[in-house]
Amino acid sequence: MNLLEVNELTIQAATQQIMKRISFTVEPGNWLAIVGQSGSGKSMATSAIGQLLAPNLKADGEILINGSNLLKMTAKKMNAIRGKQIAYIFQEYQNSFTPFMTIGKHFEEYQRTHLQVSKTQRLQNRRQALASVGLGEEFADRYPFQLSGGQLQRTAIALALLLKPALVIADEPTTALDSISSFRILQLLERLQKETGCAILHITHDLRHAANYADQVLVMKEGSILEQGDRLQIMEFPQHAYTKSLLEAIPSFGQAGE
Amino acid sequence: MAVLKMKIRKRNWKAGMLVTLFILVGFLAAYTFLFLKHDADMVDLNSRLSPMSLLHPFGTDHLGRDVMTRIFLGAQQTVGYAFMALAAAVVIGLPIGLVAGYKGGIIERILMRIADAFLAFPDTIVAIVLSGLMGPGIENLLLAIVFVKWVNYARLIRSTVVNERGKEYIAMAKVNGLSDGQIMRKHIFPHIIGNVLVLASLDLGKIILLISSLSYIGLGAQPPAPEWGAMLNDARPYFQSMPSLMIYPGLAIVTVVLISNVSGDYLRDKFDVKKEVQL
């Protein structure tokens with residue numbers, strides 16, 4: 001069975017249709033990259049999955065997670081799924097953490113919401129999670145503004161994977177980072193995906209990221225899906241002109257100065 | 001030692017000032033209650049308008065009542081009433097502002113239009129009108145003050161919340177499965193508490209002035225209550241012969257307003273975690 005199944009998802013604002021009947025699926029343990037330029041609606045799709053859409057936007061269609069429709073779910077059920085089955089990593093690492101709470105407190109609150117385990121167990125989980133992204137226990141006592149961008153984003157990954165969710169939605173997790181940090185973040189995500197077996201829905205505007213890490217690639221433009229398929233198929237034999245132009249826009253060595 | 005002094009001078013002058021003021025007030029209060037056993041309402045026409053003495057450190061008023069005793073009992077009244085009015089205003093304004101800011105949409109519009117309607121009236125005028133309609137008396141005056149003050153809190157809190165609700169950490173808390181109530185309590189509330197405390201401590205001064213000024217024109221505390229504004233009012237006819245009768249309640253008002261303003265600044269600094277942690 002598919003882990004996530006999006007059927008004919010349409011997102012409607014007051015006057016215009018932002019997303020036009022899109023459908024895609026994510027299988028357990030798979031890495032799906034949604035690629036598109038700014039404004040293509042790729043982030044909107046992930047907001048709809050977490051029911052984070054602004055109140056003036058209306059979503060129609062079906063979003064099935066393990067067979068149950070998120071769009072028809074009560075707030076309480078939704079809260080049980082959020083965080084436990086679906087976890088998010090956001091682009092804006094600077095604001096991803098509540099500024100007046102220490103990192104440790106975020107871990108504590110997150111676990112207390114979903115787990116019924118002892119404090120020692122929670123602390124041990126936290127230590128393991130921080131260690132898995134290469135951060136020491138001392139980071140737990142720090143406030144978010146005391147961490148660098150890369151450290152924050154690694155903490156966000158540790159937090160997202162803390163409860164071993166089946167699906168991690170990474171919404172442009174590396175866009176605000178420099179290229180070395182983003183390389184490390186993606187390497188880390190890839191390693192942790194292999195370790196925990198979670199599926200990843202990776203939103204990016206950078207086809208290089210999709211090319212290097214994803215199993216499946218989906219190309220979006222102006223709220224519609226242009227093309228989707230295996231990574232190799234998209235990278236080597238793009239069908240759509242837009243995909244071809246995206247591929248051509250990838251800078252490669254040897255072009256500089258021409 | 002020199003370093004310590006520097007530190008005190010640089011960082012804690014507000015705390016130092018507060019401590020000094022509290023010690024001064026505490027000393028005077030102790031003197032009143034240890035050595036003077038006057039009844040604040042005890043009329044003694046034989047010793048009316050007497051100047052300062054050991055028995056009457058602040059002198060006596062036009063009815064021979066001890067001014068110092070009245071000032072200190074008045075503190076209970078004036079400051080106590082101001083606290084009550086303030087607490088009620090915050091208790092009403094806080095949930096309204098929080099919900100309006102967090103929920104947005106139609107709820108926000110309705111709540112904020114109501115608040116706007118209240119805001120359209122100037123404080124003093126509304127307080128005077130309400131006291132006039134319901135009759136003079138401190139209870140009605142307090143109601144009037146709550147009536148005009150809660151709007152400030154609702155608006156301040158709403159604007160802070162609106163500022164924060166779009167940030168990613170709220171979305172993060174949401175996708176981590178926290179309920180709206182939890183998010184408001186744990187992730188938004190601490191943001192506004194600092195602002196609210198600062199506004200409240202500034203407001204405390206204003207409310208004391210409002211109570212005193214309305215008591216001064218006879219709408220607030222009724223005689224023989226030792227309210228500071230009412231005392232100022234009583235002292236008016238003796239202003240030229242006995243100016244100290246107006247100076248003492250005036251100084252009392254100034255002191256409390258000052259204390260509340262300085263503590264407001266101090267609290268705001270304390271609530272800022274960034275200042276607390278060495279970067």
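Worth saying up front: this structure is predicted, and the values here are computed from it rather than measured.

Focus on the sheet that holds strand S4 (residues 58–65) of chain A
Residues and elements named next belong to chain A.
Thought 1: The antiparallel open sheet is built from 4 strands, whose spatial order is S2-S1-S4-S5. Edge positions in the sheet fall to strand S2 (17–26) and strand S5 (68–69), since each has one partner strand and no second.
Thought 2: Taken together, the 7 bridges between strand S1 (residues 4–12) and S4 define a ladder with antiparallel strand orientation. In the sheet register, Gln12 faces S4, and the bridge partner there is Lys58.

As for the UniProt feature "transmembrane region" (unreviewed entry) in chain B
Thought 1: Following the UniProt record, one finds the feature "transmembrane region" (unreviewed entry) at residues 15–36, 79–102, 192–218 and 238–260 of chain B.
Thought 2: The span residues 238–260 of chain B carries 74% helix and 0% strand; its end-to-end C-alpha distance comes to 30 Å.

What about the environment of A:Leu246?
Residue and element names in this part refer to chain A.
Thought 1: For Leu246, the location among the structural elements is in helix H9 (residues 241–248).
Thought 2: Under the relative-accessibility criterion, Leu246 is labelled buried at 16%.
Thought 3: Sequence separation between Leu246 and Leu207 is 39 residues; the distance between their C-alpha atoms is 7.3 Å.
Thought 4: Discounting residues that sit within four places of it in the chain, Leu246 has contacts with Val35, Leu207 and Val219.

What to know about the UniProt feature "domain: ABC transmembrane type-1" (unreviewed entry) in chain B
Thought 1: Residues annotated in UniProt with the feature "domain: ABC transmembrane type-1" (unreviewed entry) correspond here to residues 75–264 of chain B.
Thought 2: Secondary structure across residues 75–264 of chain B divides into 83% helix and 0% strand, with the first and last C-alpha atoms of the span separated by 19 Å.

Remarks on the interface of chain A and chain B
Thought 1: Between chain A and chain B, the contact holds 24 residues from the first and 20 residues from the second.
Thought 2: Interface area, chain A with chain B, both sides summed: about 2200 Å², of which 67% is carbon and sulfur.
Thought 3: Seen at the junction of chain A and chain B, the total is 0 salt bridges.
Thought 4: For the interface between chain A and chain B, the tally reads 5 residue pairs in polar contact (both at pLDDT 80 or more).
Thought 5: Elements with a minimum of two residues in the side of chain A that touches chain B: strand S6 (86–89) and helix H3 (103–114) of chain A.
Thought 6: When residues of the side of chain A that touches chain B are assigned to their parent elements, the largest contribution, 4 residues, is made by H3(A).
Thought 7: Broken down by class, the residue content of the side of chain A that touches chain B amounts to 12 nonpolar, 9 polar and 3 charged.

Observations concerning the packing of helix H9 (residues 228–235) of chain B against helix H10 (residues 244–271) of chain B
Residue and element names in this part refer to chain B.
Thought 1: One way to put it is that H9 packs onto H10 with a least axis distance of 8 Å and a crossing angle of 155°. Taken together, the axes of H9 and H10 are roughly antiparallel relative to one another. In this structure, the crossing between H9 and H10 has a hand that is left-handed. Contacts between H9 and H10 involve Trp228, Met231, Leu232 and Ala235 from the former and Leu245, Met246, Pro249, Gly250, Ala252, Ile253 and Val256 from the latter.

Let's talk about the packing of aromatic side chains
Thought 1: With the rule as written, the count across this model stands at 6 aromatic pairs over all chains.
Thought 2: Each ring, one from B:Phe118 and one from B:Phe147, has its centre 4.7 Å from the other, and the planes form 65°; the classification is edge-to-face. Of this pair, B:Phe118 sits in helix H4 (residues 105–119) while B:Phe147 sits in helix H6 (residues 138–165), placing them 29 residues apart in sequence.
Thought 3: One aromatic cluster is present, built from ring pairs that chain together B:Phe118, B:Phe147 and B:Trp150.
Thought 4: One residue, A:Arg142, lies across the ring of A:Phe139, its end atom 4.7 Å from the ring centre.

Details of the pairing of S6(A)
Residue and element names in this part refer to chain A.
Thought 1: Along S6, one buried face is formed by Ile86 and Tyr88 and the opposite face, lined by Ala87 and Ile89, is buried too.
Thought 2: Taken together, the 4 bridges between S6 and strand S7 (residues 167–171) define a ladder with parallel strand orientation. When the bridges of S7 are listed, Tyr88 appears paired with Ile169.

A few points about the pairing of S7(A)
Residues and elements named next belong to chain A.
Thought 1: In terms of burial, S7 is largely enclosed, as 5 of its 5 residues are buried.
Thought 2: Burial along S7 is two-sided: Leu167, Ile169 and Asp171 and Val168 and Ala170, pointing in opposite directions, are all buried.
Thought 3: Note: S7 against strand S8 (residues 199–204), 5 bridges, orientation parallel. Its bridge partner lying in S8, Ile169 is registered against Leu201.
Thought 4: Viewed along the sheet, the connection from S7 through helix H6 (residues 179–196) into S8 turns out right-handed.

Considering the packing of H4(B) against H6(B)
Residue and element names in this part refer to chain B.
Thought 1: Here H4 crosses H6 at 140°, and the two axes come no closer than 9 Å. Considered as vectors, H4 and H6 are oriented oblique to each other. Crossing angle aside, the handedness with which H4 passes H6 is left-handed. Residues Glu108, Met112, Ile114, Ala115, Asp116, Phe118 and Leu119 of H4 pack against Phe147, Trp150, Val151, Asn152, Ala154, Arg155, Arg158, Val162 and Arg165 of H6.
Thought 2: Tallied by class, residues from the contact of H4 with H6 come to 10 nonpolar, 1 polar and 5 charged.

Considering helix H1 (residues 42–49) of chain A
All names here are of chain A.
Thought 1: Where H1 is concerned, the buried positions are Lys42, Ala45, Thr46, Ala48 and Ile49. End-on view of H1: buried residues confined to an arc of 155°, all on one side of the axis.
Thought 2: Gln51 sits one or two positions beyond H1 and adopts a positive phi of about 55°.

Parameters and conventions
- Position numbers for residues count from 1 along each chain, tracking the sequence in the order it is written.
- Written order decides the labels, with chains lettered from A and ligands numbered from 1.
- The predicted nature of this model means local features are confined to residues of pLDDT at least 70 and side-chain atom pairs, given and counted, to a pLDDT of 80 or more, with totals for whole chains, interfaces and linings taken over all residues.
- To get the side-chain values, all heavy atoms of the structure are used, and hydrogens and water are removed first.
- Here, any two strands with at least 2 DSSP bridges between them count as paired.
- Only runs of H or I of at least four residues qualify as helices and only runs of E of at least two qualify as strands under DSSP, and these elements are numbered from the N terminus.
- UniProt positions are given in the numbering used here, feature names are shortened, and annotations may be inferred rather than shown by experiment.
- Whether a residue is buried, partly exposed or exposed follows from its accessible area with a 1.4 Å probe, protein chains only, as a fraction of its type maximum: under 20%, in between, or over 50%, in that order.
- Any pair of residues with heavy atoms lying within 4.5 Å of one another is described as a contacting pair.
- Two parts placed together each lose some accessible area under a 1.4 Å probe, and the buried area is that loss summed for both.
- Any carboxyl oxygen of Asp or Glu that lies within 4 Å of a side-chain nitrogen of Lys or Arg is treated as forming a salt bridge with it.
- Under the rule applied, a polar contact is a pair of N or O atoms within 3.5 Å (in protein, one hydrogen donor and one hydrogen acceptor; residues adjacent in sequence only if both atoms are side-chain atoms).
- Three classes are used, and their members are as follows: Ala, Val, Leu, Ile, Met, Phe, Trp, Tyr, Cys and Pro are nonpolar, Asp, Glu, Lys and Arg are charged, and the others, Gly among them, are polar.
- A fitted line through C-alpha atoms serves as each axis, taken over the contacting stretch for helices, and the angle formed by two N-to-C directions is quoted from 0 to 180°.
- Roughly parallel means an angle under 35 degrees; roughly antiparallel, over 145; roughly perpendicular, 65 to 115; everything else is oblique.
- Should the near helix be turned counterclockwise from the far one by less than a right angle, the crossing is left-handed, whereas a clockwise turn marks it as right-handed.
- Note on aromatic pairs: the rings of Phe, Tyr and Trp (six-membered ring only in Trp) are paired at centre separations within 6.5 Å, and the planes decide the class, stacked below 30 degrees, edge-to-face beyond 60, tilted for the rest.
- Either the NZ atom of lysine or the CZ atom of arginine qualifies as a charge over a ring when it sits within 6 Å of the ring centre and within 35 degrees of the ring normal.
- Whether a crossover is right-handed depends on one test, that the path from the first strand over the helix to the second runs clockwise when the strands point away from the viewer.
- The directions considered for the arc run from the helix axis to the C-beta atoms.

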